[in-house]
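One-letter residues, chain by chain:
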Amino acid sequence: MPAGSSAKRERQYEHIKESQEERGTSERRAKEIAARTVNKERARSGESRTASGTSTRDGKSAYARGGERSHRGAQGPTRDQLYAEARKKNIEGRSAMNKDELRRALGR
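An account of the accompanying structure is given in this report. (Residues numbered from 1 in each chain as written. Predicted model: local features only at pLDDT ≥ 70, side-chain atom pairs only at ≥ 80, totals over all residues. Heavy atoms only, no water.)

1. Details of the overall build of the protein
For the protein, the helix and strand inventory stands at six helices and zero strands. The linear arrangement of helices and strands in the protein, starting from the amino end, is α-α-α-α-α-α. Relative to its 108 residues, the protein shows a buried fraction of 23%. Contacts spanning at least 24 positions in sequence make up 28% of the contacts within the protein whose residues lie at least 6 apart. Split by element, the accessible area of the protein, about 7700 Å² in all, is 45% carbon and sulfur. (Helix = DSSP H or I, 4+ residues; strand = E, 2+ residues; numbered from the N terminus. Buried < 20%, exposed > 50% of the residue type's maximum accessible area, 1.4 Å probe, protein only. Contact = heavy atoms within 4.5 Å. Areas by Shrake-Rupley, 256 points an atom, 1.4 Å probe, with all protein chains shown as cover.)

See below:
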């Protein structure tokens, strides 16, 4: 953990690391995942000196962003994921669209 981290971030780091190890991730990789996640959260909440654009602009937590990425397979997001995004953007006619139509309507 970076110097100056709070007790909360230390607990968060340990929790993520242990969770990853329970899933079978190597200790080295678990530490990396935990550190990156905690650092993203620190940046997003203004606890670090610098922050990447995605940390501050998109309004999503590192957990949500990672979860989105993990659900993309070789064919990208599912129709339901595209539909949910279209609903958020209030795209007309979305309920009658198939996956390709939703993808085009969303500009993907």
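2. Section: the environment of Ala30
Tracing the chain through its elements places Ala30 in helix H2 (residues 27–44). Relative accessible area serves as the criterion here: at 0%, Ala30 is assigned to the buried category. Ala30 has contacts with Lys17, Gln20, Glu21 and Thr25, leaving out every residue within four places of it along the chain.

3. Notes on the side chain of Lys17
Relative to the helices and strands, Lys17 resides in helix H1 (residues 7–22). Look at Lys17 and you get buried, because its relative accessible area is 13%. Other than its neighbours up to four places away in sequence, Lys17 contacts Ala30, Lys31 and Ala34.

4. Focus on the environment of Arg79
Its location among the elements puts Arg79 in helix H5 (residues 79–88). Given a relative accessible area of 28%, Arg79 falls into the partly exposed group. Sequence-wise, Arg79 and Met97 are 18 residues apart; in three dimensions their C-alpha atoms are separated by 9.3 Å. Beyond its immediate chain neighbours, meaning those up to four positions away, Arg79 contacts Arg94, Ser95, Met97, Asn98, Lys99 and Leu102.

5. Description of the pattern of salt bridges
By the definition in use, this model includes eight salt bridges. Taking the shortest distance from any N to any O, the salt bridge between Arg29 and Glu32 comes out at 3.3 Å. Placement of both Arg29 and Glu32 in helix H2 is noted, with a separation of three residues, approximately one turn of the helix. Residue classification places Arg29 among the partly exposed positions, given a relative accessible area of 41%. Overall, Glu32 belongs to the partly exposed group, its relative accessible area being 30%. In the salt-bridge network here, residues are joined through shared partners; they are Arg29, Glu32 and Arg36. (Salt bridge = Lys/Arg side-chain N within 4 Å of Asp/Glu carboxyl O.)

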